[in-house]
Amino acid sequence: MSQLTQGGIRRMVESGGSSNNGEQPICQILTVKKIANNSGTGADRYRVILSDGEVYIQAMLSTQTAHLVEEGQVDRHCLVRVMHFTANQVSGRTILVILELEIVSGPLDARIGDPQNIEKLDEAGKSNAGNVAPSNNAQPTSGGANSSVVKNEGGGGGYGAQSMGASNAPARPAQRTTSAGIDMSKMPIFPIEALSPYQNKWTIKARVTTKSEIKQWHNARGEGKLFSCNFLDESGEIKATGFNEHVDRLYPLLKEGHVYYVSKAKVNIARKKFSNLSNEYEIAFDRDTQISECADANDVPDIKFNFTALDNLDGVEPKQTCDVIGIVEQVGEMTEITSKASQKPITKRELTLVDQSGMSVRLTLWGKTAETYGTPSGQPGCGPEDKPVIGFKGVSVSDFGGRSLSMFTSSTMHVNPDIPEAHGLRGWYDAEGNRLGAQSFKTYNSAGLGGTGAGDGAMSNKERKTIDQAKNEQLGMSEKPDYFNVKGTIIFVKQDNLYYPACPKEGCNKKVTQMEQSSWRCEKCDMNYEAPQYRYIINTNVQDHTGSIWLSGFNEVGEQMLGATATELAQLKDNGDDAAYNEIMERAYGHTWIFNIRAKQDTFNDVPRVRYNITRMSSIDFAKEGGQLVEGIKKMMN
Ligand SMILES: [Zn+2]
């Protein structure tokens, strides 16, 4: 027990901030748990239980210490010295955030002493003293996302708040009073992710991403009106709905794209039928709900997407909504149709979107959006020649013509958004996509997608060819490319020119030239980089029972085939680690995959030839394959 700092945890808790009279207590880590990062961006975070041998407490590791877990230094039962921390009060609970720590010893055999849960001890102490614990403190102590809620209680200066960017605790601006004159700074700011019905004292700081029109409803139980909007912050997104008199009060207050403090509303189980968000909960405004606009909105993200690639749309059920991003390859004329429902004329315009999957999909704009598309007052930079990247949030999927998309009232469009997916598409399109020509993209058709399938990449059996069939049917020898799939086994991977040094800039992928030791030049970006990022150009010989075929593939295919990045492989080669290098190469051999192939004729030294390019490859679902073989055998027996 002498190895641990006695009373260390209690003194951290009672310090009320980040100062602990210079004490740096030695504690034992009892557990380490990774916290799911739902935002899809940013680093992983870890929760630990710290013990000083007498009591234990939950603590968060700051993102700058997370690497110690990843490197295996912070582990169960190891001893650490807490160099820097903050102690934050969240609705009566203390959350410790470890900002800096030092490893004192690797994992011991067991926990030291018999530490008790400090919160339980304190609650018992409070009740003994006759104090009533606040009712909102009844949440479970293992409380999932709630434990990541952090509030800077002040006193510690700006330090705590700034250091805890990873904890979604925004710096608090000065103006935090509502129109009712209540100081909202008295309430903890919660990340949306942490809202739950068990907690009623919260304030979120969030951006309105969409706001509906006011809708009237009548049913057997009466009539009324409602509106809804979606709120977004770093941690997630949640839908909020207001009914009747709350519509009158709150609808005019909220504007799309603006950031608000929202507090005192009900958190209910989400009715997902009416929502395109994945949150388990949703908010209902009530008469106590307070909303005030927030001027300091820089730390609140603009929009949150959950993109479905265009070739995966057949995995989305018709009438569901999804987010998509693509290059607008074609802009249709504006047309007018008569709405069947209302018998009123309505304008529409069709866009054709393409993405790296080689798929093109039609998306319909309606009404005012269709009329103003591409105009300075609508979406500037969207002319027929501009080929912008557009991210669509919450568009409706229809099975008309196989799969097509349609904007509706709650959908939003974002022209050239500043997000990695958009930069990736831009790079791909400018380097490669624009040379393909509209007709070389694959489209959905009403017979169902005769191409890639949902998720598992297994195309329909109609598209399955043997290698012999693919050659005999002269696939790829006409003007348009042909698509088919083959079940085949890798027998050889060419090692010459297996990879090339590429520009490390996202979406560029151009070959770079070495200028000197640590200087690689990209002509396209007009930049020098310290090191290249290697990318695969795969040439592989694949065999089935009818013959063999040479297939080529790019980086993603290579990574899948070899289970290592080209940069990793290049390093092994450069270090002369032939054994490890060969082991990776041999992993690929003898492996059977389903290859989705694009076959297209090109000319090499005036000789036309067909190139077979792997657009995607997927593992075999043996049960499904087995079933199909059984069907095939049955047919032969009849
Ligand atoms: Zn570049």
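Just so it is clear, the structure is predicted and the values come from calculations on it, not from any experiment.

Cut-offs applied
Residues numbered from 1 in each chain as written. Predicted model: local features only at pLDDT ≥ 70, side-chain atom pairs only at ≥ 80, totals over all residues. Heavy atoms only, no water. Helix = DSSP H or I, 4+ residues; strand = E, 2+ residues; numbered from the N terminus. Buried < 20%, exposed > 50% of the residue type's maximum accessible area, 1.4 Å probe, protein only. Contact = heavy atoms within 4.5 Å. Areas by Shrake-Rupley, 256 points an atom, 1.4 Å probe, with all protein chains shown as cover. Donors = N, O, S within 2.8 Å, 3.2 Å for Na, K, Ca; no water. Tetrahedral: all angles 85-135°; square planar, octahedral: opposite > 155°, others 65-115°. Phe/Tyr/Trp six-rings, centres within 6.5 Å; stacked < 30°, edge-to-face > 60°. pLDDT = per-residue confidence, 0-100. Salt bridge = Lys/Arg side-chain N within 4 Å of Asp/Glu carboxyl O. Pairing = 2+ DSSP bridges. Core = buried A, V, L, I, M, F, W, Y, C linked by side-chain atoms within 4.5 Å. Axes fitted to C-alpha atoms, helices over the stretch in contact; angles between N-to-C directions. Arc of directions from axis to C-beta. Nonpolar A, V, L, I, M, F, W, Y, C, P; charged D, E, K, R; others polar. Patch = residues over 30% accessible without salt bridge, like charges linked within 9 Å, V, L, I, M, F, W, Y side chains within 5 Å. Lys, Arg positive; Asp, Glu negative; His and termini not counted. Charge placed at Lys NZ, Arg CZ, Asp CG, Glu CD.

Trainee: Give me the lowdown on the overall build of the protein, citing residues and values where you can.
Mentor: On a plain count of helices and strands, the protein comes out with 12 helices and 32 strands. Residues counted as buried form 48% of the 638 residues belonging to the protein. Taking all contacts inside the protein whose residues are at least 6 apart in sequence as the whole, residues at least 24 apart take part in 62%. Here the protein displays about 32,300 Å² of accessible surface, and carbon together with sulfur accounts for 49% of that area.

Trainee: Report on the coordination of the zinc ion, specifying residues and quantitative values.
Mentor: Looking at the metal site, the zinc ion is ligated by C503 (SG), C508 (SG), C522 (SG) and C525 (SG), spaced 2.2 to 2.3 Å from it. One can describe the site at the zinc ion as tetrahedral: its four donor atoms subtend angles covering 104 to 114° at the metal. Written as a sequence motif, the donor arrangement for the zinc ion is C-x4-C-x13-C-x2-C. Taken as a pair, C508 in the loop between β24 (499-502) and β25 (513-516) and C522 in strand β26 (residues 519-522) lie far apart in primary sequence, 14 residues in all.

Trainee: If you had to explain the packing of aromatic side chains to someone new, which residues and values would you point to?
Mentor: Inspection of the entire model under this criterion finds nine aromatic pairs. Judged by centre distance (6.3 Å) and plane angle (80°), the rings of F484 and Y612 are edge-to-face. Of this pair, F484 sits in strand β23 (residues 482-493) while Y612 is found in strand β32 (residues 607-618), placing the two residues 128 residues apart along the sequence. On the basis of relative accessibility, which here comes to 0%, the residue F484 falls in the buried class.

Trainee: Provide a residue-level description of the confidence of the model for the protein, including the pertinent values.
Mentor: Overall, the predicted model of the protein reaches an average pLDDT of 79, with 82% of residues at or above 70. Averaged over each element, pLDDT in the protein is lowest for helix α4 (residues 158-163) (32) and highest for strand β29 (residues 538-544) (95). Within the model, the stretch residues 129-182 combines pLDDT values under 50 with 108 contacts to residues more than four positions away or in other chains. Long-range and interchain partners of residues 446-462, a stretch whose pLDDT sits below 50, account for 42 contacts in this model, where long-range means more than four residues apart.

Trainee: I'd like a rundown of the pattern of salt bridges, residues and numbers included.
Mentor: Following the criterion strictly, the structure yields 18 salt bridges and no others. The partner of R10 in a salt bridge is E14, and the shortest N-O contact between them spans 4.0 Å. Here the residue R10 and the residue E14 both occupy positions in helix α1 (residues 8-14), the gap between them amounting to four residues, near one helical turn. Exposure remark for R10: the relative accessible area of 29% places this residue in the partly exposed category. The salt bridge involving K465 is made with E473; its shortest N-O contact spans 3.0 Å. According to the relative accessible area criterion, E473 is partly exposed, its value standing at 40%. Residues participating in the shared-partner salt-bridge network are E237, D323 and K393.

Trainee: Give a description of the pairing of strand β12 (residues 259-263) that names residues and reports values.
Mentor: Along β12, five of the five residues are buried, which leaves the element largely enclosed by surrounding structure. Burial along β12 is two-sided: the face carrying V259, Y261 and S263 and the face carrying Y260 and V262 are both buried. Bridging between β12 and strand β15 (residues 290-293) involves four bridges; their strand directions are antiparallel. If you follow S263 over to β15, its bridge partner there is Q290.

Trainee: Which residues make up the nonpolar core, and what values do they have?
Mentor: With 42 residues, the main nonpolar core has L498, Y499, Y536, M561, L569 and F595 as its most contacted residues. Apart from residues lying up to four places away in sequence, M561 is in contact with I490, V493, I538, T540, A588, W593, F595, I614 and M617.

Trainee: I'd like a rundown of the pairing of strand β18 (residues 359-366), residues and numbers included.
Mentor: In terms of residue burial, β18 counts as a mostly covered element, since six of its eight residues are buried. Across seven bridges, the pairing between strand β17 (residues 345-354) and β18 is antiparallel. When the bridges of β18 are listed, T352 appears paired with R362. Inspection of the sheet shows β18 paired to strand β22 (residues 442-443) by two bridges, in the parallel sense. From the neighbouring strand, S360 faces β22, where its bridge partner is T443. Relative to strand β20 (residues 404-406), β18 runs parallel, the two being bridged by two bridges.

Trainee: Give me the sheet that holds β25: which residues, what numbers.
Mentor: Whether parallel or antiparallel, the strands of a sheet pair through hydrogen bonds between backbone atoms. Spatial strand order, β25-β26-β27: three strands in an open sheet with antiparallel pairing. If you trace the sheet from one side to the other, it starts and ends with β25 and β27 (527-529), each paired once. Strand after strand, the sheet turns through a mean of 40° between neighbouring axes, direction not considered. Sheet topology note: the β26/β27 ladder contains three bridges and is antiparallel. The partner of W520 across the bridge, within β27, is Y529.

Trainee: Now, about helix α11 (residues 578-588): what can you tell me, with residues and values included?
Mentor: By the burial criterion, the buried members of α11 are Y581, I584, M585 and A588. What you see down the axis of α11 is that its buried residues fit within an arc of 95°, all on one side. Across from the buried face of α11, at angles greater than 90 degrees, the exposed residues are A579, E583 and E586. Considering only its buried residues, α11 is in contact with β23, β24, α9 (555-562) and α10 (566-574). Once α11 ends, the next one or two residues include G590, with phi positive near 80°.

Trainee: Talk me through the packing of α10 against α11; I want residue IDs and the actual numbers.
Mentor: At their nearest, the axes of α10 and α11 sit 8 Å apart, and the two run at 145° to each other. Contacts from L569, L572 and K573 in α10 reach A580, Y581, I584 and M585 in α11. Of the residues in the contact of α10 with α11, the class split is six nonpolar, no polar and one charged.

Trainee: Describe the environment of D299, and please don't skip the residues or the numbers.
Mentor: With respect to the element layout, D299 can be found in the loop between β15 and β16 (321-338). Judged by its relative accessible area of 31%, D299 is partly exposed. Separated by 66 residues in sequence, D299 and D233 have C-alpha atoms that sit 8.4 Å apart.

Trainee: For a positive patch on the surface, give the residues involved together with the corresponding values.
Mentor: The grouping of R435, K505, K510 and K524 at the surface amounts to a positive patch. In this fold, R435 is placed in helix α7 (residues 420-436).

Trainee: Lay out α9 with the relevant residues and their values.
Mentor: For α9, every residue scored as buried is listed here: N555, V557, G558, M561 and L562. Considered in projection along α9, the buried side chains sweep an arc of 160° and stay on one side of the axis. One or two positions beyond α9, positive phi appears at G563, with a value near 65°.

Trainee: An account of a nonpolar patch on the surface is requested, with residue identities and associated values reported.
Mentor: Together, I491, F492 and W550 line one region of the surface with nonpolar side chains, adding up to about 290 Å² of accessible area. Along the chain, F492 falls in strand β23.

Trainee: Quick one: what's the story with the environment of P25, residue by residue and with numbers?
Mentor: Within the element layout of this structure, P25 appears in the loop between α1 and β1 (26-35). In this structure P25 comes out as buried when scored by relative accessible area, which is 0%. Separated by 76 residues in the primary sequence, P25 and L101 have C-alpha atoms spaced 10.0 Å apart.

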